[in-house]
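# Coordinate inspection notes
Chain by chain, the residues:
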Amino acid sequence: MAFLRRFAKKSLKVGVVGGGLVGGGVLANTAINDDLDDISYAVKRRFYKAAKKDAPKKKVVVLGSGWGALSFARKLDADEYHVTVVSPRPFFFYTPLLVGSTTGVVSPGAIIEPIRDTAPGCEFLRTECKDVDLENRKVICDGAVTLDYDHLLIAVGAQPNTFGIPGVEKYGKFLKEIEHGRHVRKEMLDIIDKADLALAAGDLEKTKQLLNFVVVGGGPTGVEFCGELSDFIKQDLAKRHPKIAEYMKVTLVEALPGLLTMFHKTVGGYVQEHLANQGVDIKLSAMVKEVDEKHVSLKVKDGSIQKMDYGLLVWVAGVGMRPFTRSMCEKIGKENGQTDRRGLLVDECLRVKGTRPGEVFAIGDCAVSGKPPTAQVAYQQGKYLGRLFRLGQQHLIPDPEAPKFEYNHQGTMAYIGQGEAATELNPNGLIKLGRSSVTDHFWWRSLYGECDQLRIMGPMGFAIWRSVYFSKLVSVRNRWSVASDWMRTSFFGRPACSSAQGTAEACA
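A short tour of the structure in this document, coming up. (Residues numbered from 1 in each chain as written. Predicted model: local features only at pLDDT ≥ 70, side-chain atom pairs only at ≥ 80, totals over all residues. Heavy atoms only, no water.)

## Examining the sheet that holds strand E13 (residues 249–253)
- Judged by pairing direction, the sheet is parallel, and its 5 strands sit side by side in the order E11-E18-E12-E13-E14 without closing on themselves. Since the sheet does not close on itself, it has two edges, and those belong to strand E11 (173–174) and strand E14 (281–283), each with one partner.
- Sheet topology note: the E11/strand E18 (residues 312–315) ladder contains 2 bridges and is parallel. Each bridged residue has a counterpart across the sheet, and for Lys173 the counterpart in E18 is Val314. (Pairing = 2+ DSSP bridges. Helix = DSSP H or I, 4+ residues; strand = E, 2+ residues; numbered from the N terminus.)

## A few points about the pattern of salt bridges
- Overall, the coordinates contain 20 salt bridges when judged by the stated rule.
- Ionic pairing is found between Glu177 and Arg89, a salt bridge with its closest N-O pair at 2.9 Å. Of this pair, Glu177 sits in the loop between E11 and helix H7 (178–200) while Arg89 is found in the loop between strand E2 (81–87) and strand E3 (91–93), placing the two residues 88 residues apart along the sequence.
- Classification of Arg89 as buried rests on a relative accessible area of 17%.
- The salt bridge partner of Arg322 is Glu177, with a shortest N-O separation of 3.0 Å. One end of the pair, Arg322, is in the loop between strand E19 (319–320) and helix H11 (323–332); the other, Glu177, is in the loop between E11 and H7, and 145 residues separate them in sequence.
- Its relative accessible area of 24% is what places Arg322 among the partly exposed residues.
- On the basis of relative accessible area, Glu177 is assigned to the buried category, the value being 12%.
- When salt bridges with common partners are traced through the structure, they connect Glu135, Arg137, Arg356 and Glu359 into a single cluster. (Salt bridge = Lys/Arg side-chain N within 4 Å of Asp/Glu carboxyl O. Buried < 20%, exposed > 50% of the residue type's maximum accessible area, 1.4 Å probe, protein only.)

## A few points about the pairing of strand E12 (residues 212–216)
- Most of E12 sits inside the fold, with 5 of its 5 residues counted as buried.
- The two faces of E12 match: Asn212, Val214 and Val216 on one face and Phe213 and Val215 on the other face are all buried.
- As paired strands, E12 and E13 are joined by 5 bridges and run parallel to one another. If you follow Phe213 over to E13, its bridge partner there is Val250.
- Here 4 bridges tie E12 to E18, and the two strands are oriented parallel to one another. Bridge pairing in E18 places Val214 opposite Leu313.

In short, shape yes, function no, at least from these values alone.
Now the structure itself:
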C-alpha cells in the first residue's frame, strides 16, 4: 500500500508539472500568434448563444488559400456562418521558408498544410473563381459551380511582375509559389549536371555560362535566395562537384542603388558587404532591358548596355495584379472608385470601394490599403476581419464608423547566408511595451533609449529569424517536419539531387 501511495503521489506530481508545461506552451503559442482573444470569445459566445434565437447561417465565400484567407477563415465562428473557401490550391504554404526549399534545407511537403486540416469548420472547393455577380451576390467558378454569398472575401494574392520586359516570361524562373520553388530546384540541379558534362566534353565556355546563376531583385526574397544558394554551393555542391566548383557564380541584380530598401540604410550596407564576402557579384543601379536564352541585357548607371551570360535566371523583382483582380477592378469601374493599377482599392475597414457596404472585402496582395504587400499585413488583416464577424460585432460589418484596421508592424527579417540574418524588429509591436507611463519610462526607455527599432545582425539575427518563423508555423505537424529538416540539413547537408530528376522525366 505504501508503494502504491508513493507511486500515486509521483504520478500526480508528474501529471501536474507536465500539464503545466504543456498548458504554458499552448498559452505562449496562442499569445505569439495573437489568438488570446479566442479564450475570452469562447466564454462570451455562451452568453450570446443563450440570449440569441436560432437564425439561418449567413453565407461567407472566401477566395484564396494564403495568409489572409486562412487567418480570416480560422477566426470565423463556424456556428454562425457557413464558410466556403474557394481556391485552385488545396493547401496553405508557408512563404517565409519557400527559398529554403530550393536548396533542400526544407522539403516542399514540410511547409504546406491542407486547407481541410487548417480550417476544419469550412467547406473547401478546389476550383478557380472566374467571375462575380455583384448585383445578385453570386460567385461563378470552374466546373459549372455557382455559389451564393452574403459576404465575399477576395484574398487571391498577386503574381510575379515582369514589367513587360521582353524574354522574362519565357526564360525567367519565378519564386512566388510552392511549384516555383520545386521548379527552380530541379532546373538548378539539371544545369549543374549539364555543366559537368560540358566540362567533360572540354567546353569550358559553356560550363562557365551554365554556372552563372543570376538573381534579379534585391528585396528579402532575392537576398535570401543568394544567401541560401551561396551556402549550398560552398557547403554541398563544391564537395559533390569538385571539378566545376570554381566556375559556380551567383550574381544579384538590383535596379535601385541599394539592397533591402525597406530596411534602414545601415542594414542594406551590412548585407551588401556580407554577400560580397560570400562571393556574390552585386550589380546595383542596373535595369534589365531584355532577356534571351543565354544572355541578360542590363542598362547600368552610366547608361550603357551590358550583356551577361547566365545559366539560370531567377526573377523576384516585384508583384502585379492577377487577371481576376484586374477583371474585378474593371467590373466595379473607375467611376465607382477603382482607379488604382495595383489592385482593389479598399476603405479603412477593408471593404471594397464601389460595392454595397459590408458585402465585399479584399485583403492581402490583391488589395490596395495603404499597407505594404507582405504576409504579415495579410495575416493581420484576416484576423481583424474575423473578429469583426464575431458574435456581438456583426453590426459593425457595414458600419461607416466601425473600428479601422490598424497594422502592427512587428519587424522585417532576411536570411543572408553563412548562418547569419538581418533583422529589424519593432519590440513595441511584438510585446506591446510603452503602453503606459510606467512601462514607457522605467522599462522601455531604460532598455532601448529613444530607439523605436532594434537592428540585430549576424548569428544572433539568425537565431531570431529561425525562432520567429518557427513559432509562426501553422500546425504541430509543420513544426515537426521543419525541425526534422533543419536537423537533417545540419547533420548531413543538403541533398544535391531531386526526386524530380528521374529517368522517366529525362526520357520524356
